[in-house]
Amino acid sequence: MAAMPYTHREPELSTVWLRAFVEVARHGSFTVAARALGWTQSAVSRQIASLEQALGGAPLFDRLPRGVRLTEAGRVLVPYAESVAEALHGAALELAALREVAGGRLRFGAFPTADAALVPQALAAFRTRHPGVRVVREEGLTPRLLDRLAAGHMDLAVVSTTGGAPLESYELRHLLDESLFVAVSAGHALAGHEGPVRLGRFADDDWISGGSRPEGTLLDAALRQGFSPRVAHVVAEWTAKQGYVAAGLGVALVPALAAGSVRPDVTLLRVLDEGAPARAVYAATPRGRTPAPAVEAFVGVLREAAARVCPAPPESHPMA
């Protein structure tokens, strides 16, 4: 008959026992260990007795007339007990750093125009206040950011309602409602106009856009105004779009978040908001997951930056 394999059942140990053991081993005295722990000597003795019993009953200390001395079993246990104590202390420090936003990491993403001013200002403020947090940033369009967020690769994403991306599955913190501008060349007939203008006034213009179709882009606003914009040039990169506009090859829509980075030979005309704002911008987090304190802190600086970068427009009248 084959011998049964040897199995060893690991003892269930209390970290309180191990903490008492480490202190007694360090000081060589129950009395001094009790003083260091802020306990009574009898309490320390009970913890050591419980530990010895859980480990099979072998004594861990020889009781001497003056103090105690580790037994062979006690000497074997010391490095393991110290390792547990150090690991728990390290965990406590890291958890405290997370609570105080003094450590840990923040993984976030943002769509390109949010990276023009909103995100840099928020990130600068966040790093000043929380220099111990490691920040990892990504850039992408809203649908990709939401996919990355759902897959657990990011903690937060700055997203917009452009293109009708499905946002219902996420916790949304509103940052701002964004108005639109039309970028025109210096020679455009409306370049000198003051005040907001209806988008329909540009129905006969050529348009510079990132795609050949307006659906799912900022040019959705034109469709809502009852005309289909004539896209004359498809240009993806924002700096290049400005070059086409400046050369008089067409006009382009500019979100308020990017308005501060427009070149000086391009004029911006505010589009009159008729009904709902052109788009809303949110800080999105996965629904059902507890956000880390760093996430909450970053949402706070995003809101502060949003108020500076894209304040609510003053009341004004449309052009006649």
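See the structure shown above.
What counts and how
- Residues numbered from 1 in each chain as written.
- Predicted model: local features only at pLDDT ≥ 70, side-chain atom pairs only at ≥ 80, totals over all residues.
- Heavy atoms only, no water.
- Pairing = 2+ DSSP bridges.
- Helix = DSSP H or I, 4+ residues; strand = E, 2+ residues; numbered from the N terminus.
- Axes fitted to C-alpha atoms, helices over the stretch in contact; angles between N-to-C directions.
- 1 Å grid on protein atoms, 1.4 Å probe; cavity = no way out; pocket = protein on both sides within 12 Å on 5 of 7 lines; lining within 4 Å.
- Points joined across faces, edges and corners; volume = space filled by probe spheres on them.
- Nonpolar A, V, L, I, M, F, W, Y, C, P; charged D, E, K, R; others polar.
- Contact = heavy atoms within 4.5 Å.
- Right-handed = clockwise from strand over helix to strand, strands pointing away.
- Buried < 20%, exposed > 50% of the residue type's maximum accessible area, 1.4 Å probe, protein only.
- Arc of directions from axis to C-beta.
- Polar contact = N/O pair within 3.5 Å; in protein donor to acceptor, adjacent residues only side chain to side chain.
- Salt bridge = Lys/Arg side-chain N within 4 Å of Asp/Glu carboxyl O.
- Left-handed = near helix turned anticlockwise from the far one by under 90°.

1. Remarks on the sheet that holds strand β11 (residues 266-270)
Reading across from one edge, β10-β7-β11 is the order of the three strands in this open sheet, with antiparallel pairing throughout. This sheet does not close on itself; its edge strands, each paired only once, are β10 (252-255) and β11. Adjacent strand axes in the sheet meet at a mean angle of 40°, parallel and antiparallel pairs treated alike. Where strand β7 (residues 180-185) lies against β11, five bridges are found, and the strand directions are antiparallel.

2. Brief notes about the layout of surface pockets
For the largest pocket, the calculated volume is near 750 Å³. At the level of secondary structure, the elements contributing two or more residues to the lining of the largest pocket comprise α6 (142-150), β8 (206-209), α8 (238-246) and β10. Empty space within the second largest pocket amounts to approximately 230 Å³. Every residue lining the second largest pocket is counted, 14 residues in all, and those nearest its centre are R19, V22, E23, A85 and E86. When residues of the lining of the second largest pocket are traced back to their parent elements, those giving at least two are α1 (15-27), α2 (30-37) and α4 (72-99). Looking at the lining of the second largest pocket residue by residue, the classes come out as seven nonpolar, two polar and five charged.

3. A look at the environment of V135
As for its position among the elements, V135 is in strand β4 (residues 134-139). Note: C-alpha distance between V135 and E194 (59 residues apart in sequence) is 42 Å. Setting aside its immediate chain neighbours within four residues, V135 contacts L106, F108, L123, F126 and R127.

4. A closer look at the sheet that holds strand β5 (residues 156-160)
Across the sheet, which stays open at both edges, the five strands sit in the order β4-β3-β5-β12-β6 with mixed pairing between neighbours. Edge strands, defined here as strands with exactly one partner in the open sheet, are β4 and β6 (170-178). For this sheet, the mean angle separating the axes of adjacent strands, direction not counted, is 20°. Pairing geometry for strand β3 (residues 105-110) and β5, over three bridges, is parallel. Bridge pairing links F108 to L156 in β5. Strand contacts of helix α9 (residues 293-309): β3, β5, β6 and β12 (279-286), with the helix running at about 15° to β6, the strand carrying the most contacts.

5. Some details on the pairing of β4
Across a regular strand the side chains alternate sides, sitting on one face of the sheet and then on the other. As paired elements, β3 and β4 share six bridges and run parallel to each other. By the bridge assignment for β4, F108 is matched with R137. Regarding the hand of the β-α-β motif, the stretch spanning β3, helix α5 (residues 118-129) and β4 is right-handed.

6. Focus: α8
Listed in full, the buried residues belonging to α8 are K241, Q242 and V245. In a view along the axis of α8, the buried residues occupy a sector of 100°, so they form one face of it. Measuring from the backbone nitrogen of T239 back to the side-chain oxygen at the start of α8 gives 2.9 Å, which picks out E237 as the cap. Phi for G248, located one or two positions after α8, is positive at around 80°.

7. Regarding the pattern of salt bridges
Enumeration over the complete set of coordinates arrives at 13 salt bridges. Across the pair E138 and R148 runs a salt bridge, and its minimum N-O distance is 2.7 Å. Of this pair, E138 sits in strand β4 while R148 sits in helix α6, and the two are ten residues apart along the sequence. Put simply, R263 and D265 hold a salt bridge, and the shortest N to O gap is 2.7 Å. For R263, a relative accessible area of 34% corresponds to the partly exposed category. Each member of the salt-bridge network shares a partner with another, and the members are E138, R144 and R148.

8. A closer look at the packing of α1 against α4
Contact pair α1 / α4: the axes reach a minimum separation of 9 Å and the direction vectors enclose 120°. α4 is crossed by α1, and the crossing has left-handed handedness. For the pair formed by α1 and α4, the contact residues are T15, L18, F21, V22 and A25 on the first element and G74, L77, V78, A81, E82, V84 and L88 on the second.

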